[in-house]
Amino acid sequence: MSRTPQGQRASLDKQPHEVAAMFDGVAARYDLTNTVLSFGRDRFWRRATRAALDLRPGDRVLDVGAGTGVSTEELAHSGAYAVGADLSLGMLYAGKRTRPQVPLLAGDALRLPFADASFDAVTISFALRNVNDTDAALRELARVTRPGGRLVICEFSTPVNPAFRTVYLSYLMRSLPAVARTVSSNPDAYVYLAESIRAWPDQAALAERVRAAGWRSVAWRNLTGGVVALHRAIRMDA
């Protein structure tokens, strides 16, 4: 883990204790920082994730990498029972203070504390990129989902327009860390954010990994020109 006078950030080998400590350091102002850095698009991305899951009252949905529970709270608007899990205790404590009604618990995406086939749907938003074994995490998400259940991954991706992609990458590497210094409690974490987005597979490559992990009917939809992509899939029958 890298440390500076401003804070700490995880390295791209994404050791769980480093990732958890980094998010502990941004928890205090995490939701505000995300809204500022995304120009308010984070709210739209959460609504799009809920719509893609096609939740119904009575469904059980797991929100992995839930952080402060803002995404879990959005899922509950569908009438489903939504529970969030996250590796960072700092994020969970912040969520409990601001959203005491949202069920949040500590959980590692590689070892989820749930029985097989516990959920009708699972989702992970802006967190799969932070797991040090993506393929194992996708298999673990499949394990806790019932056969025929649904997966939605909301994650940063690759803008499809070349000119826009150039502008976006410049924003990531230059402007985003500078803006983060004005609003975040640990601005160095947003250097890691930019680096991890650049290293992340594009839409087609991630779809292949989802398919290989035990999911079928894999498809994706670009949001905000491909800055974010929603990958959807169905759990294969046992």
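Per an unreviewed UniProt entry, the protein chain goes by the name Demethylmenaquinone methyltransferase and belongs to Micromonospora andamanensis. Taken verbatim from the UniProt record of the protein chain, the Pathway (unreviewed entry) comment is "Quinol/quinone metabolism; menaquinone biosynthesis; menaquinol from 1,4-dihydroxy-2-naphthoate: step 2/2."

**Student:** Which residues make up the pairing of strand β9 (residues 228–235), and what values go with them?
**Tutor:** For strand β7 (residues 145–156) and β9, the ladder comprises seven bridges, and the chain directions are antiparallel. By the bridge assignment for β9, Ile-153 is matched with His-231. Two elements, strand β8 (residues 215–223) and β9, share seven bridges in a ladder whose sense is antiparallel. Residue pairing in the sheet places Trp-215 in a bridge with Arg-235 of β9. Between β8 and β9, which follow one another and run antiparallel, lie four residues, and Thr-224 among them has a positive phi close to 50°.

**Student:** Could you give an account of the sheet that holds β7, naming the residues involved and the relevant values?
**Tutor:** Judged by pairing direction, the sheet is mixed, and its seven strands sit side by side in the order β5-β4-β3-β6-β7-β9-β8 without closing on themselves. Of all strands in the sheet, those with a lone pairing partner are β5 (104–106) and β8, marking the two edges. The average undirected angle you get between the axes of adjacent strands in this sheet is 20°. Pairing of strand β3 (residues 60–64) with strand β4 (residues 81–86) involves five bridges; the strand directions are parallel. Its bridge partner being in β4, Arg-60 is matched across the sheet by Tyr-81. Across the face of the sheet, helix α5 (residues 89–98) comes into contact with β4 and β5 while running at roughly 160° to β5.

**Student:** How would you explain the environment of Arg-209 if you had to name every residue and give the values?
**Tutor:** Following the sequence through the fold, Arg-209 ends up in helix α9 (residues 203–212). Given the relative accessible area of 30%, Arg-209 is considered partly exposed. C-alpha of Arg-209 to C-alpha of Arg-139: the two residues are 70 residues apart in sequence and 10.0 Å apart in space. Contacts of Arg-209, omitting those with residues within four sequence positions, involve Thr-134, Asp-135, Leu-138 and Pro-201.

**Student:** Explain the confidence of the model for the protein chain to me, and be specific about the residues and the numbers.
**Tutor:** Taken over all residues, the pLDDT of the protein chain has a mean of 90, while the share at 70 or more is 92%. Overall, residues 1–7 carries pLDDT values under 50, and its contacts beyond four positions in sequence, including any with other chains, amount to 17 contacts.

Analysis parameters
Residues numbered from 1 in each chain as written. Predicted model: local features only at pLDDT ≥ 70, side-chain atom pairs only at ≥ 80, totals over all residues. Heavy atoms only, no water. UniProt positions renumbered as here; feature names shortened; annotations may be inferred. Pairing = 2+ DSSP bridges. Helix = DSSP H or I, 4+ residues; strand = E, 2+ residues; numbered from the N terminus. Axes fitted to C-alpha atoms, helices over the stretch in contact; angles between N-to-C directions. Contact = heavy atoms within 4.5 Å. Buried < 20%, exposed > 50% of the residue type's maximum accessible area, 1.4 Å probe, protein only. pLDDT = per-residue confidence, 0-100.

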